[in-house]
Structures are given as C-alpha cells and as structure tokens.
Amino acid sequence: EEGWVSSSDKAYIFIPKNALWVASVVPKEAKVWKASCPGSTFVENNESQKVLKIGRNLSYPTIGADRVMAVRGAAKLYGWPVLVIDCGTAISMTIGNERMKMDGGAILPGFGLQFSSLEKSTALIPMV
C-alpha cells in the first residue's frame, strides 16, 4: 500500500508502493518493519542474492541480506566496483567488484562495543 506509515508515535514517512525494500538481520526489528510497511519488499537472508540479482564470490554463504542490499544500492547510485562501510552495532565493510559480484569484506565491533571493551579490559581507559 502507498501512504504514510509510522514506526513510532512521532515519526511518519511517506512510502510509495513498492518503493521500500527492507532487510534486517534482527528478527525483532524485521517484524516491526513488516507490520509498519505493508506492500514493501522484505528480503530474507537466504534469498538476498537471488532477489537482488547479484552474484557472489564468497567462501561463506551466510552474508547478511542487509550487506547485499547495501552493495546493490550503492552500485546503482555510483557504479561498480563499490565499497560499502556501514556503522552500527557492528562496522561492516563489503566489496562489490567490477563483475557485479560480492567479493567479501569484514565485520568489526561497532564503536560502542569497542569503547565498552576497552573500558572493561584496560586499567586506565574510561568509557567515552
């Protein structure tokens, strides 16, 4: 459906029909988006490469749909090859090569996890 949707009592956005694609690797959050945005496309982890028509040169089949979608979106805007850096709970770096295939990347702890770890594991570094 097209129209105004809200994910909270204060935030409303207009979503044209079929314009929103959602991938979440957090099942609880995916349920919220699905309930809030009927008519949108939801991409599950196990179907992301097929749905997004992107190839993969990876030694692991478990890459998250969020990372695949981010590379596809960046490539559509900026062309191939592309590097996407996404900062959240984790910092992920994902590469799409000139043959429009995923070349892998890395996942690191996000800034909050890094600061928390340093505070807990060192004698003199305070929580920032």
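This text follows the structure it describes.
Residues numbered from 1 in each chain as written. Predicted model: local features only at pLDDT ≥ 70, side-chain atom pairs only at ≥ 80, totals over all residues. Heavy atoms only, no water.

> Provide a residue-level description of the environment of I63, including the pertinent values.
Inspection of the secondary structure puts I63 in the loop between β5 (55-56) and α3 (65-78). Note: C-alpha distance between I63 and T94 (31 residues apart in sequence) is 9.7 Å. (Helix = DSSP H or I, 4+ residues; strand = E, 2+ residues; numbered from the N terminus.)

> Outline the pattern of salt bridges, supporting the account with residue identities and numerical values.
The tally for this structure, following the rule as stated, stands at one salt bridge. Residue R99 pairs with E98 through a salt bridge whose shortest N-O separation is 3.4 Å. On the accessibility criterion, R99 (49% relative accessible area) is partly exposed. (Salt bridge = Lys/Arg side-chain N within 4 Å of Asp/Glu carboxyl O. Buried < 20%, exposed > 50% of the residue type's maximum accessible area, 1.4 Å probe, protein only.)

> Can you explain empty space enclosed by the protein? Please cite residues and give values.
Enumeration according to the criterion identifies one cavity of 30 Å³ or more in this entry. By volume, the largest cavity amounts to about 30 Å³. Of the residues forming the lining of the largest cavity, the biggest block, three residues, is contributed by α3. Classifying every residue of the lining of the largest cavity by side-chain character gives two nonpolar, two polar and three charged. (1 Å grid on protein atoms, 1.4 Å probe; cavity = no way out; pocket = protein on both sides within 12 Å on 5 of 7 lines; lining within 4 Å. Points joined across faces, edges and corners; volume = space filled by probe spheres on them. Nonpolar A, V, L, I, M, F, W, Y, C, P; charged D, E, K, R; others polar.)

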